[in-house]
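Remarks on the overall topology
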Amino acid sequence: MTADLPSPVRLRQATMSLITLLGGVSLAVIPAATVSISSRLFSRPEQGIIAVAVMVATFAGQLTFAVVLESRLSSAATERRVVFPLWLAGLALLAALVIAVNPTNPVVLCVGLPLLIAALEVGRGVSVAERLDVREIWASVAVGLGALGGVTAAFAGQQWALIPLVAGIAGATIVRCLPVSHRASRPDPAVMGWVVADTAITGVIYPLLNTMILALLGPGDAVLFTAIATVSGLLAIPLNFMRLRLLKAHSRLDIAVSGGAVLAAVVVLVVLERTGALGLIFGGVWTNSAVLLPLVLACGWRAASLATTIPFAALRRMGEARLLTGLRAAVSLMAFALAAIGLALHDLSAVFLGLLVAELVSAVVYELARRRRLRVAERLAVAAQ
């Protein structure tokens, strides 16, 4: 698609894509900042509950994303346009206000997190899909500064450390809900049903798994699982960026940019771990554990999504929502079973290894399904001649 464009235009698109992709760090730092701040504000049992709440909030964000964005981007018979809904912006701003008024109440934080994460997921998704790069840069700066201010205040022992965090989210939400010239497409109801179903089936695995870790291994391992999953989520930034762009149209440029960013993110995480920076951020739950091996496996799990995303997005563009729901259900059950084996061994490394193996198998399954769908389309085209 981009190969026919003049070189200066392609260069500018690549530069803006890279800047917008890097802005995704702001989305990944919110769960990490929340865990970091809570480790200094709340007791260990409360930290365990908040760690599970972070996973639940991520799941809620994925579901909202599926309803608002992915269902429209997967409706092949429409223009596939998306906007940031004002009702979600209003709920997120209300949640930010309530948390700012009650910054030391863990229950308020747990209740408000799903609304804040959902607004972040959808707001960034709209900006990436519709190439609203300039506003996304400002929104990312607001989130990043808020997270930095919150973590710094927590290091200083301030009880109001959550206020800068939610203020940054509120600022980004306001920027992302500014008016646009287009209107959202109406999603195909059948497509929406299948998209939401497969998102729910896939996304519920991780909060359920972390709840089991909290119950069986205790709050320390639950916090550590969330911390490692959140840190390795840095790799999910370019992967989610690529997925959004590929849902609109196949682009070798975006694949190349995203692949390079994944490799760079792995290097950054290894450096941060070896220098002790991650231990400083997450405190004793990180420094008192052997985290290098589970972190490497978690990074491998995330990076393997690179091979999964390309055929997945291709099937989405073909309108194969029903097929994908069945495939995702099968591979999600496999992922949960393999991770549960690791949990039975009381070993977080084994849990992440199970997730990695399941992701690699998923890539093969999706690619085989894509090729089969293309062969069917070719036979139909020949028969129609």
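As a starting point, this report considers the structure included with it. (Residues numbered from 1 in each chain as written. Predicted model: local features only at pLDDT ≥ 70, side-chain atom pairs only at ≥ 80, totals over all residues. Heavy atoms only, no water.)

For the protein chain, the helix and strand inventory stands at 18 helices and zero strands. Expected size for 385 residues packed as a compact globule is a radius of gyration near 21 Å; at 20 Å, the protein chain falls within 12% of this value. Projected onto the principal axes, the alpha-carbon positions of the protein chain cover approximately 70 × 50 × 40 Å. Here the protein chain holds 385 residues, and 53% of them are scored as buried. In the protein chain, once contacts between residues fewer than 6 apart in sequence are set aside, the share between residues at least 24 apart is 81%. Here the protein chain has roughly 16500 Å² of accessible surface; of this, 69% comes from carbon and sulfur atoms. (Helix = DSSP H or I, 4+ residues; strand = E, 2+ residues; numbered from the N terminus. Rg over C-alpha atoms; globule rule 2.2 N^0.38 Å. Buried < 20%, exposed > 50% of the residue type's maximum accessible area, 1.4 Å probe, protein only. Contact = heavy atoms within 4.5 Å. Areas by Shrake-Rupley, 256 points an atom, 1.4 Å probe, with all protein chains shown as cover.)

Before going further, it helps to spend a moment on the side chain of histidine 182. Topologically, histidine 182 is positioned in the loop between helix H7 (162-176) and helix H8 (189-203). Its relative accessible area of 15% is what places histidine 182 among the buried residues. At 3.2 Å, the side chain of histidine 182 and the side chain of arginine 81 are in polar contact. Filtering out sequence-adjacent residues up to four positions away, histidine 182 remains in contact with Arg81, Val82, Val83 and Glu130. (Polar contact = N/O pair within 3.5 Å; in protein donor to acceptor, adjacent residues only side chain to side chain.)

This part covers the environment of glutamate 136. Following the sequence through the fold, glutamate 136 ends up in helix H6 (residues 133-155). Between the alpha carbons of glutamate 136 and arginine 176 there is a distance of 7.1 Å; along the sequence they are 40 residues apart. Engagement of the side chain of glutamate 136 in a polar contact is seen with the side chain of arginine 176, the distance being 2.7 Å.

Turning our attention to the environment of asparagine 210. Note that asparagine 210 resides in helix H9 (residues 205-217). Note on asparagine 210: relative accessible area 0%, which makes it buried. Along the primary structure asparagine 210 and leucine 297 are separated by 87 residues, whereas in three dimensions their C-alpha atoms are 17 Å apart. Discounting residues that sit within four places of it in the chain, asparagine 210 has contacts with Ala51, Val52, Met55, Ala222, Phe225 and Thr226.

This part covers the packing of aromatic side chains. For the structure shown, the criterion picks out five aromatic pairs. Note on phenylalanine 312 and tyrosine 366: the rings are 6.0 Å apart at their centroids and 55° apart in plane angle, and the pair reads as tilted. Pair noted here: phenylalanine 312 is in helix H16 (residues 305-317) and tyrosine 366 is in helix H18 (residues 348-384), with a separation of 54 residues, a long-range link. Per residue, the accessibility class of phenylalanine 312 equals that of tyrosine 366, and both read buried. (Phe/Tyr/Trp six-rings, centres within 6.5 Å; stacked < 30°, edge-to-face > 60°.)

To continue, consider a nonpolar patch on the surface. On the surface, a nonpolar cluster with roughly 370 Å² of combined accessible area is contributed by Leu94, Leu97, Val98 and Val101. Looking at the secondary structure, you find valine 101 in helix H4 (residues 86-101). (Patch = residues over 30% accessible without salt bridge, like charges linked within 9 Å, V, L, I, M, F, W, Y side chains within 5 Å. Salt bridge = Lys/Arg side-chain N within 4 Å of Asp/Glu carboxyl O.)

Taken N-terminus to C-terminus, the directions of helix H15 (residues 292-303) and H16 make an angle of 15°; their axes are 5 Å apart at the nearest point. The angle between H15 and H16 falls in the class roughly parallel. Of the residues in H16, those touching H15 at Trp301, Arg302 and Ala303 are Ser305, Leu306 and Ala307. Of the residues contributing to the contact of H15 with H16, the split by class is four nonpolar, one polar and one charged. (Axes fitted to C-alpha atoms, helices over the stretch in contact; angles between N-to-C directions. Parallel < 35°, antiparallel > 145°, perpendicular 65-115°, else oblique. Nonpolar A, V, L, I, M, F, W, Y, C, P; charged D, E, K, R; others polar.)

So, about the packing of helix H17 (residues 321-344) against H18. In a pair of packed helices, the angle between the axes and the distance between the axes together describe the arrangement. Contact geometry for H17 and H18: axes closest at 7 Å, N-to-C directions at 160°. Taken together, the axis directions place H17 and H18 in an arrangement best described as roughly antiparallel. As H17 runs across H18, the sense of the crossing is right-handed. For the pair H17 and H18, contact is made by Leu323, Leu324, Leu327, Arg328, Val331, Met334, Ala335, Leu338, Ala339, Gly342 and Leu343 and by Ala350, Val351, Gly354, Leu355, Val357, Ala358, Val361, Ser362, Val365, Tyr366 and Ala369, respectively. By residue class, the composition of the contact of H17 with H18 is 18 nonpolar, three polar and one charged. (Left-handed = near helix turned anticlockwise from the far one by under 90°.)

Let's shift gears to H6. Its 23 residues give H6 an end-to-end C-alpha distance of 33 Å, which sits within 8% of 33 Å, the value for a rise of 1.5 Å per residue. Inspection of H6 places Asp133, Arg135, Glu136, Ala139, Ser140, Val143, Gly146, Ala147, Gly150, Val151, Ala153 and Ala154 among the buried residues, and these make up the whole buried set. (Expected span 1.5 Å × (residues − 1).)

A word on the pattern of salt bridges. Close approach of charged atoms allows side chains of opposite charge to pair. In this structure the tally under the stated criterion is eight salt bridges. In this structure, arginine 124 engages glutamate 136 in a salt bridge whose closest nitrogen and oxygen atoms are separated by 3.1 Å. Of this pair, arginine 124 sits in helix H5 (residues 106-129) while glutamate 136 sits in helix H6, and the two are 12 residues apart along the sequence. Its relative accessible area of 6% is what places arginine 124 among the buried residues. A salt bridge links arginine 370 to glutamate 367, with the nearest nitrogen and oxygen atoms 2.7 Å apart. Residue arginine 370 and its partner glutamate 367 are located together in helix H18, separated by three residues, close to a single helical turn. The class for arginine 370 is partly exposed, based on a relative accessible area of 22%.

Time to look at the side chain of arginine 135. Relative to the helices and strands, arginine 135 resides in helix H6. This buried residue, arginine 135, is left without a salt bridge; glutamate 136 holds the nearest opposite charge, at 7.6 Å. There is a polar contact of 3.4 Å between the side chain of arginine 135 and the backbone oxygen of arginine 176. Apart from residues lying up to four places away in sequence, arginine 135 is in contact with Ser127, Val175, Arg176, Leu178, Pro179 and Val180. (Lys, Arg positive; Asp, Glu negative; His and termini not counted.)

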